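The chain contents come next:
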Amino acid sequence: MARLVEAAEKLIRERGYEATSSTDIAAEAGVAPSLINAHFLGKAGLLYAVLRNFNDQQLAATRMAASRPGTPTERLAGILHTWAECDLAEPRMYAAITGLSWSWPPETEREYAADLAIFWDVVMAVVDEGIAQGEFRRISRRDATDIIFSIHQWGMRPGIFEGADAATCAERVIGQVMLAIAAPGRLPD
């Protein structure tokens, strides 16, 4: 299973998801293609396993960004910079995973939401601190996560389709998130 995940990561990075077949992945891993169906229920399931590896790495980076010194606004900006850097370090992989997320089954969506809840615990600790300090308006967890996730997802598109760098994408995302959650009188210029 680990060899299949590694092979899928490598080939999708190089070729993109659509241009990488299950047969190619199996050959790269040195196993029979039927093992992809047996262990992952197909290529889409294998990509989901790849996503979980990426999420593990990105969660560690998110925790580090959240724990740095600074105001809640600065730390939230650091988290969003981290996400842009991680996501755009592998633009083909990020595009494949984002696209797949619109078509996976409901049980996979529930599993993904549970995985993301750990991220949102980290983010919401920063947001809640910002609310307590008057930097952010009072906002529910659901609204905050929907706003941040949506703006982040849309904000990565210039990195995928126009070659914008992670810092440029992150700055735009940060500005829009702050417009959406900043406390009255604390809006960015």
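The preceding data block contains the structure.
Here's what I pulled together on the structure shown here. (Residues numbered from 1 in each chain as written. Predicted model: local features only at pLDDT ≥ 70, side-chain atom pairs only at ≥ 80, totals over all residues. Heavy atoms only, no water.)

## Describing the overall build of the protein chain
Right, so step 1: Summing up its helical and strand segments, the protein chain has ten helices and zero strands in all.
Right, so step 2: Listing every helix and strand of the protein chain by position from the N terminus yields α-α-α-α-α-α-α-α-α-α.
Right, so step 3: By sequence separation, contacts in the protein chain at least 24 residues apart represent 68% of the contacts at least 6 residues apart.
Right, so step 4: For the protein chain, the accessible surface area stands at approximately 9900 Å², while carbon and sulfur atoms represent 55% of it.
Right, so step 5: Seen as two clouds, the 18 positive and the 25 negative side-chain charges of the protein chain have centres 2 Å apart. (Helix = DSSP H or I, 4+ residues; strand = E, 2+ residues; numbered from the N terminus. Contact = heavy atoms within 4.5 Å. Areas by Shrake-Rupley, 256 points an atom, 1.4 Å probe, with all protein chains shown as cover. Lys, Arg positive; Asp, Glu negative; His and termini not counted. Charge placed at Lys NZ, Arg CZ, Asp CG, Glu CD.)

## What to know about helix H10 (residues 166-181)
Right, so step 1: The terminal C-alpha atoms of H10, which comprises 16 residues, lie 22 Å apart, in line with the 22 Å expected from a rise of 1.5 Å per residue.
Right, so step 2: For H10, every residue scored as buried is listed here: Ala 166, Cys 169, Ala 170, Val 173, Ile 174, Val 177, Met 178 and Ile 181. Projected down its long axis, H10 shows its buried positions confined to an angular sector of 160 degrees, all on one face. Across H10 from its buried face, at more than 90 degrees, point the exposed residues Thr 168 and Leu 179.
Right, so step 3: Of the surrounding secondary structure, the elements contacted by the buried residues of H10 are helix H5 (72-89), helix H8 (141-155) and helix H9 (157-161). (Expected span 1.5 Å × (residues − 1). Buried < 20%, exposed > 50% of the residue type's maximum accessible area, 1.4 Å probe, protein only. Arc of directions from axis to C-beta.)

## What about the packing of helix H4 (residues 43-67) against helix H7 (residues 106-132)?
Right, so step 1: Viewed as axis vectors pointing N to C, H4 and H7 meet at an angle of 10 degrees, and their least axial separation amounts to 10 Å. Comparing the axis directions of H4 and H7 gives the class roughly parallel. Judged by residue contacts, Tyr 48, Leu 51, Arg 52, Asn 55, Gln 58, Leu 59, Thr 62, Arg 63 and Ala 66 of H4 engage Thr 108, Glu 111, Tyr 112, Asp 115, Leu 116, Ile 118, Phe 119, Val 122 and Val 126 from H7.
Right, so step 2: Of the residues in the contact of H4 with H7, the class split is ten nonpolar, four polar and four charged. (Axes fitted to C-alpha atoms, helices over the stretch in contact; angles between N-to-C directions. Parallel < 35°, antiparallel > 145°, perpendicular 65-115°, else oblique. Nonpolar A, V, L, I, M, F, W, Y, C, P; charged D, E, K, R; others polar.)

## Concerning helix H1 (residues 2-15)
Right, so step 1: Its 14 residues place the ends of H1 20 Å apart at the C-alpha level, agreeing with the 20 Å of an ideal helix rising 1.5 Å per residue.
Right, so step 2: When we look at burial in H1, the residues that qualify are Leu 4, Val 5, Ala 7, Ala 8, Glu 9, Leu 11 and Ile 12.
Right, so step 3: Of the surrounding elements, those touching the buried residues of H1 are helix H2 (22-29), helix H3 (34-40), H4 and helix H6 (91-100).
Right, so step 4: Immediately beyond the C-terminal end of H1, within one or two residues, lies Gly 16, with a positive phi of roughly 95 degrees.

## Here we look at the packing of aromatic side chains
Right, so step 1: Overall, the coordinates contain five aromatic pairs when judged by the stated rule.
Right, so step 2: With 6.4 Å between their ring centres and 75 degrees between their planes, Trp 83 and Phe 119 make a pair best called edge-to-face. With a gap of 36 residues between them, Trp 83 in helix H5 and Phe 119 in helix H7 connect regions that are remote in the sequence.
Right, so step 3: For Phe 119, a relative accessible area of 6% gives the class buried.
Right, so step 4: Seen in terms of ring centroids, Trp 104 and Tyr 112 are 5.0 Å apart; in terms of plane orientation they differ by 65 degrees. Their pairing is edge-to-face.
Right, so step 5: The exposure class assigned to Trp 104 is buried, which follows from its relative accessible area of 11%.
Right, so step 6: Members of the aromatic cluster, connected to one another through ring pairs, are Trp 83, Phe 119, Trp 120 and Phe 149. (Phe/Tyr/Trp six-rings, centres within 6.5 Å; stacked < 30°, edge-to-face > 60°.)

## Brief notes about the nonpolar core
Right, so step 1: The biggest cluster of nonpolar side chains holds 60 residues, and the ones touching the most others in it are Leu 47, Leu 76, Val 127 and Ile 148.
Right, so step 2: Ignoring anything within four residues of it in the chain, the contact list for Val 127 reads Leu 76, Phe 136, Ile 139 and Ile 148. (Core = buried A, V, L, I, M, F, W, Y, C linked by side-chain atoms within 4.5 Å.)

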